Amino acid sequence: MSDSDKRPDDGLDDNWVDKAVIATKGAVGLVPMFGGPLAEVIGVAIPGQRADRVATYVRQLSARLDQIDADMRDGLASNAEKIDLIEEGGYQAARATSRERIERIVAAVQRGLTEDDTDVVRRKRLLILLGELDDDELNLLNAYGRSYGGRDRDAFEHVNRPDPVHMQSGRDEIERNHLYDLGRAHLIRLGLLKKNYGNVKKGQVPEFDPKSGDFKHSVEVSGLGRMLLTEVGLGADLEDDFN
């Protein structure tokens, strides 16, 4: 193992893992049907992984806090709203499935901690919004953000988009499209994406599309979506849109 792969000797790993394993094993013991390999996964693997994620979050956040103003950093312990923001980040980190996701959480928390108290409460809403997205939805939102205004024509290159459904499509293809559309619809419901019906003259309505059951439109990232991407460190080139 190289020096860069070694875990810091800060006690976070052992402490978090031990507490998580004890708590989870206690819960597993209440259910007689849990035994053998399943008990091992639930009693060790899952809490161990979650503990690792929280430890990673704490380390990354600590490193970023070293970069902010010393007076602001020293006042964190007595600021209830900022403590709550840090805790929310920790809860989300425990459920994160990738290191990149933890990095996005840390970026949002750090940004919120530099705000005034009233803004911290409001910035927390963005962190909670992030918690409502899975990694696939965040990746899709990022693609829409990168393509906004024609910035990046290859923005969807890393999005796993299914082939369009046609008359000969099999069940698997149709289901993949349904699931993809479900993620995009979720982003629209949250206000992170929006429908653009084009230039519709007063007194007229857009052309109706019987296939989709909606008026014809395109989909683009919304102002709130651009804010969230900027908050998590994915929209640096979108910040000019708010100036």
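These figures come from a predicted structure and were not determined experimentally. (Residues numbered from 1 in each chain as written. Predicted model: local features only at pLDDT ≥ 70, side-chain atom pairs only at ≥ 80, totals over all residues. Heavy atoms only, no water.)

Student: Any chance you could break down helix H6 (residues 117-131) for me, citing the residues and the numbers?
Tutor: Compared with the 21 Å implied by 1.5 Å per residue over 15 residues, the 21 Å span of H6 between its first and last C-alpha is a close match. Those residues of H6 lying buried are Val 120, Lys 124, Leu 126, Leu 127, Leu 129 and Leu 130. Contacts from the buried residues of H6 go to helix H4 (80-95), helix H5 (99-113), helix H7 (135-147) and helix H9 (223-231). (Helix = DSSP H or I, 4+ residues; strand = E, 2+ residues; numbered from the N terminus. Expected span 1.5 Å × (residues − 1). Buried < 20%, exposed > 50% of the residue type's maximum accessible area, 1.4 Å probe, protein only. Contact = heavy atoms within 4.5 Å.)

Student: Before we move on, can you summarise the packing of H7 against helix H8 (residues 171-189) with the specific residues and values?
Tutor: Between H7 and H8, the least distance of the axes is 10 Å, while the angle of their chain directions is 70°. Taken together, H7 and H8 sit at an angle that is classed as roughly perpendicular. Crossing geometry of H7 relative to H8 is assigned as right-handed. Of the residues in H8, those touching H7 at Glu 137, Leu 140, Leu 141 and Tyr 144 are Tyr 180, Gly 183, Arg 184, His 186 and Leu 187. For the contact of H7 with H8, the class distribution of residues is five nonpolar, two polar and two charged. (Axes fitted to C-alpha atoms, helices over the stretch in contact; angles between N-to-C directions. Parallel < 35°, antiparallel > 145°, perpendicular 65-115°, else oblique. Left-handed = near helix turned anticlockwise from the far one by under 90°. Nonpolar A, V, L, I, M, F, W, Y, C, P; charged D, E, K, R; others polar.)

Student: So what's going on with a nonpolar patch on the surface? Residues and values would help.
Tutor: On the surface, a cluster of nonpolar side chains totalling about 440 Å² of accessible area is made up of Tyr 197, Val 200, Val 205, Phe 208 and Phe 215. In this fold, Tyr 197 is placed in the loop between strand S1 (193-196) and strand S2 (208-209). The partly exposed category is assigned to Tyr 197, whose relative accessible area is 33%. (Patch = residues over 30% accessible without salt bridge, like charges linked within 9 Å, V, L, I, M, F, W, Y side chains within 5 Å. Areas by Shrake-Rupley, 256 points an atom, 1.4 Å probe, with all protein chains shown as cover. Salt bridge = Lys/Arg side-chain N within 4 Å of Asp/Glu carboxyl O.)

Student: Lay out the packing of aromatic side chains with the relevant residues and their values.
Tutor: Applying the stated criterion to the full structure yields one aromatic pair. Their ring planes at 90° and their centres at 5.0 Å tell us that Tyr 144 and Phe 156 sit as a pair that is edge-to-face. In this pair, Tyr 144 sits in helix H7 while Phe 156 sits in the loop between H7 and H8, placing the two residues twelve residues apart along the sequence. What makes Tyr 144 buried here is its relative accessible area of 9%. One Lys or Arg, Arg 226, reaches over the ring of Tyr 148 and ends 4.4 Å from the middle of that ring. (Phe/Tyr/Trp six-rings, centres within 6.5 Å; stacked < 30°, edge-to-face > 60°. Lys NZ or Arg CZ within 6 Å of the ring centre and 35° of its normal.)

Student: Got a sec to walk through a negative patch on the surface? Specific residues and values, please.
Tutor: Together, Glu 81, Asp 116, Asp 117 and Asp 119 make up a negatively charged patch on the protein surface. Within the secondary structure layout, Asp 119 lies in helix H6. (Lys, Arg positive; Asp, Glu negative; His and termini not counted. Charge placed at Lys NZ, Arg CZ, Asp CG, Glu CD.)

Student: Any chance you could break down the confidence of the model for the protein for me, citing the residues and the numbers?
Tutor: The share of residues in the protein with pLDDT of 70 or more is 77%, and the mean pLDDT across the chain is 79. Per-element confidence in the protein is highest for H9, whose mean pLDDT is 95, and lowest for helix H1 (residues 12-28), whose mean pLDDT is 47. Every residue in residues 37-42 is under pLDDT 50, and counting partners more than four places away or in other chains gives ten contacts. (pLDDT = per-residue confidence, 0-100.)

Student: Go over the nonpolar core, please, and point to the residues and values.
Tutor: Counting 38 residues, the largest nonpolar core has Tyr 57, Val 109, Leu 133, Leu 141, Leu 192 and Leu 228 as the members making the most contacts within it. Among the secondary structure elements, those contributing two or more residues to this core are helix H2 (36-65), H4, H5, H6, H7, H8, strand S4 (218-221) and H9. For this core, the leading source of residues is H5, giving six residues. Setting aside residues up to four positions removed in sequence, Leu 141 forms contacts with Leu 133, Leu 187, Leu 192, Leu 193, Val 221, Gly 225, Leu 228 and Leu 229. (Core = buried A, V, L, I, M, F, W, Y, C linked by side-chain atoms within 4.5 Å.)

Student: Quick rundown of H8? Include the residues and the values.
Tutor: In a regular helix each residue adds 1.5 Å, so 19 residues correspond to 27 Å; H8 covers 26 Å between its end C-alpha atoms and thus fits that length. All of the buried residues along H8 are Asn 177, Tyr 180, Gly 183, His 186 and Leu 187. On its buried face, H8 is in contact with H7 and S1. A positive backbone phi angle near 85° is found at Gly 191, which sits one or two residues after H8.

Student: Can you lay out the side chain of Gln 60 for me, pointing to particular residues and giving the numbers?
Tutor: In this structure, Gln 60 sits in helix H2. Exposure remark for Gln 60: the relative accessible area of 17% places this residue in the buried category. Those residues in contact with Gln 60 that lie beyond four places of it in its chain are Arg 99, Ile 102, Glu 103 and Val 106.

Student: Got a sec to walk through the environment of Ala 143? Specific residues and values, please.
Tutor: As for its position among the elements, Ala 143 is in helix H7. A relative accessible area of 2% means that Ala 143 is categorised as buried. Considered as a pair, Ala 143 and Phe 156 are 13 residues apart in the sequence and their alpha carbons are 5.4 Å apart. Apart from the residues within four sequence positions on either side, Ala 143 is in contact with Ala 155, Phe 156 and Val 159.

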